[in-house]
Amino acid sequence: MAELLDPTDLEELTRHYWQTKDKSSNDSWDEYLICAESDREKKDYSLLAYEMAYADSRRNTQDKTKRYLPPLYSNTTLVILVGETWEPIFQSIWAHNPQRLVPVVNKQYPNRSKNLNHCSGALVDGNDYWNGISDMLQKLLRLPPRGEAWKLLDRLPTVTLNSNQAANNYQPVEDEPEQVFSFLQTHLRTDLLNPDCQVVVDITGAKKTMVAGAFMLAAYSHAQICYVDTDRHYTGRPYGYSCHFRTVSNPIKALALQTWDKVGKLYDQYDFAGALNLLPDHETFPQIADLRCFLSMCQDWESRQLQSAWESADKLPDHLKRYIPLAVKELHQYMPQSGETALKPDLFADAPTVVIYAYDELYRVQRLKSMRGAYRDAFSRAYAIYETLFTARLVSLFRNCELDTSSLNTHLQSSDENWQSIVMTLLIKMQSYKAREILQGRKAKTRDGRYQIETKWNRQSGSPGFLPLELSPKELKDKRNDITHSYMPVTKDDVNDIIRLTLLNFDNYLKEWATPSNLEGLERETYYQLPNWKQLREICNLHFIPVQAGEGGQRE
């Protein structure tokens, strides 16, 4: 390791180096890479070695927020973006001591280097340009030993870009972001897949277009991004001894940008469980607490756990409460609780609650069919709406005293039993084909525990019309039974058939059985769907998630 010089001596050596370089006809690199000089003497080590020794000494004595030298790693692949300034490249190679070097070299460079004065013309071919740097690296290897801790490999770091090329071959690349990205994507794949390899992308001193492509690749793959910075300059040129290696924060990782893209897609697909599983933790993003609560409400709503959904909804701030689905607001108290299987009788007490239930479930069926291709679930849910509408009609008739339920009296043990509650329970649990028989003017029996009832509709003048017989096609009923009790496949056409049948049933219910004055506005689509992801980001003030140009509307 070179002896430690004080800043005054280092400044003198640096000034002499730049002055000599300006006057020299061959880019005098010897001072920087072999043996430093001043006006008074010739040193034992190179200027680079003195710079690195000084940087190493500052690790424990200066600003703890700066990494004056990066920690050594036994297996590092270092990407260098080759620009017109070479000194930071040599500093980075010294500091990282890589096993493998991946240079990103342009196809052409301005002919400004005296070291390349053998090249004619205003432009230098990228191959010739890299050969000049490679010659300098050979000089770097002839330096005296630096001690075990910072001993450079006894060979040039491998620059092989694929297994079919000879060592130290490389491929110049166009200095455009897309080309640089693709180049590194190809040649870093093996290293990135190796858990024992540290990939470092040094973006010091290259063209902005090169930096853009390399930064995108490194950020996307979570490679380490760094550059060499300096605190002091001499006539616009850096005092190398003041260098420190800065690690650049990865915005994709820090802001979870890839995660947010996935969360947004899952949310727009109504896959709220998947979106919740991807959310970053609350400590990293405390501002997403409201979003997490909203997604929890959505997940319970979509799985029809409306009581749990309401508990989450009740915790939302006012600006989010306006987006609570109508079913969560109006039906949560009627849903089965843990261990229960049937809807509560009060759901059928008024037509508006039945209508809200039907609309909410119909939109859910459409989502299951179109967004997820979950045809089995969509078919079963649609059929459940179809059957529930028959139950709603029976309850309505019972509440209007149009059902003959007198046969229940023979099964009551005392006059104190709540016979109305018992009848409601029997009607709700009645099989749908029996409900249809009653609605078509026939008697039907049903039993629950020790209670049994034979029911008939005492049709009166002005009562709703009979349901047409075609609303109960046998093939769909058989399909439903087969789906329930076997592994029969369900097609999109099957789902479309049951949706058509359910819509006919619902249309009859709306026209013949519900009171229009109670239903005003309940058909509004916004009551049963959510704001899309772009809208929700704004509603929740998630402004740390970047937006895309033109998201707010079409440009004029």
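Quantities reported herein were computed from a predicted structural model and do not represent experimental measurements.

Conventions and cut-offs
Residues numbered from 1 in each chain as written. Predicted model: local features only at pLDDT ≥ 70, side-chain atom pairs only at ≥ 80, totals over all residues. Heavy atoms only, no water. Buried < 20%, exposed > 50% of the residue type's maximum accessible area, 1.4 Å probe, protein only. Helix = DSSP H or I, 4+ residues; strand = E, 2+ residues; numbered from the N terminus. Pairing = 2+ DSSP bridges. pLDDT = per-residue confidence, 0-100. Contact = heavy atoms within 4.5 Å. Axes fitted to C-alpha atoms, helices over the stretch in contact; angles between N-to-C directions. Parallel < 35°, antiparallel > 145°, perpendicular 65-115°, else oblique. Left-handed = near helix turned anticlockwise from the far one by under 90°. Nonpolar A, V, L, I, M, F, W, Y, C, P; charged D, E, K, R; others polar. Core = buried A, V, L, I, M, F, W, Y, C linked by side-chain atoms within 4.5 Å. Salt bridge = Lys/Arg side-chain N within 4 Å of Asp/Glu carboxyl O.

Across the two faces of strand β12 (residues 451–457) the burial differs, with Y451, I453, T455 and W457 buried and Q452, E454 and K456 not buried at all. When strand β10 (residues 403–404) meets β12, the two strands line up antiparallel, connected through 2 bridges. Within β12, the residue paired with L403 across the bridge is W457. Here 5 bridges tie strand β11 (residues 444–448) to β12, and the two strands are oriented antiparallel to one another. Across the sheet, the residue bridging to T446 is I453, located in β12. Here β11 folds back onto β12 in antiparallel fashion, the turn holding 2 residues, of which G449 has a positive phi close to 65 degrees.

This brings us to the confidence of the model for the protein chain. Averaged over the protein chain, the pLDDT score is 84; the fraction of residues at 70 or greater is 87%. In this model, residues 144–156 is a region of pLDDT below 50 whose contacts with residues beyond four sequence positions or in other chains number 32 contacts. Scored below 50 in pLDDT, residues 160–168 shows 21 contacts in the model against residues more than four places distant or in partner chains.

With that out of the way, let us pick up the packing of helix α11 (residues 289–302) against helix α12 (residues 306–313). Two elements in contact, α11 and α12, have axes whose closest approach is 7 Å; the angle formed by their N-to-C orientations is 165 degrees. As summarised for this structure, α11 and α12 are arranged roughly antiparallel, according to the angle between their axes. Our pair here, α11 against α12, has a crossing hand that is left-handed. Residues C293, S296, M297, D300 and W301 of α11 form the contact with α12, whose participating residues are L306, S308, A309, S312 and A313. Looking at the contact of α11 with α12 residue by residue, the class counts come to 6 nonpolar, 3 polar and 1 charged.

Okay, helix α18 (residues 432–439) next. The buried fraction of α18 amounts to 6 of the 8 residues, a majority that puts the element mostly inside the structure. Burial in α18 covers these residues: S432, K434, A435, R436, I438 and L439. Looking at the buried side of α18, the elements it contacts are α16 (375–399), β10, β11, β12, α19 (474–485) and α20 (492–513). Looking one or two residues beyond α18, the residue adopting positive phi is G441, at roughly 95 degrees.

It is worth spelling out the nonpolar core at this point. One finds W260, L291, F294, M297, W301, L331 and Y509 to be the most contacted residues of the largest nonpolar core, which totals 97 residues. Counting residues per element, this core draws most heavily on α16, which supplies 13 residues. When residues no more than four places from it in sequence are discounted, the contact partners of F294 are Y267, L316, L320, Y323, L530 and L536. A2, A53, I133 and V228 belong to the second-largest nonpolar core, a separate cluster that totals 47 residues.

This part is about the packing of α16 against α19. Running from amino to carboxyl end, α16 crosses α19 at an angle of 125 degrees, the nearest separation of the two axes being 11 Å. What the angle tells us is that α16 and α19 run oblique. Between α16 and α19 lies a crossing of left-handed hand. Together, R376, F379, S380, Y383 and E387 of α16 and L476, K477, K479, R480 and I483 of α19 make up the contact between the two elements. When its residues are assigned to classes, the contact of α16 with α19 shows 4 nonpolar, 1 polar and 5 charged.

Enumeration over the complete set of coordinates arrives at 22 salt bridges. Between E11 and R232 there is a salt bridge, and its shortest N-O distance comes to 2.0 Å. Pair noted here: E11 is in helix α1 (residues 7–23) and R232 is in the loop between β6 (224–230) and β7 (233–234), with a separation of 221 residues, a long-range link. The class for R232 is partly exposed, based on a relative accessible area of 38%. With its nearest N and O atoms 2.7 Å apart, the salt bridge here joins K21 to E87. Of this pair, K21 sits in helix α1 while E87 sits in helix α4 (residues 87–96), and the two are 66 residues apart along the sequence. Connected through salt bridges with shared partners, the residues E302, R304, D360, E361, R364, R367, R372 and R381 form a single ionic network.

Our next topic: the side chain of T76. Within the fold, T76 resides in strand β1 (residues 76–81). Using a relative accessible area of 0% as the deciding quantity, one classes T76 as buried. Not counting the four nearest positions on each side in its chain, T76 is found in contact with H96, P98, Q99, R100, Q198 and V200.

Let us look at the sheet that holds β10. Sheet architecture is open: 3 strands sit in the order β10-β12-β11, paired in antiparallel fashion. Bordering the open sheet on either side are β10 and β11, each of which pairs with just one other strand.

This next bit is on the sheet that holds strand β5 (residues 198–202). Pairing within the open sheet is mixed, and its 5 strands lie in the order β2-β1-β5-β6-β9. The sheet terminates laterally at β2 (100–104) and β9 (243–247), the two strands that pair on one side only. The sheet shows a mean angle of 25 degrees between the axes of neighbouring strands, direction not considered. Judged from the 5 bridges that link them, β6 and β9 form a sheet pairing that is antiparallel. Note that in β9 the partner of V228 across the bridge is F245. Where helix α6 (residues 177–193) meets the sheet, its contacts fall on β1, β2 and β5, and the angle it forms with β2 comes to roughly 170 degrees.

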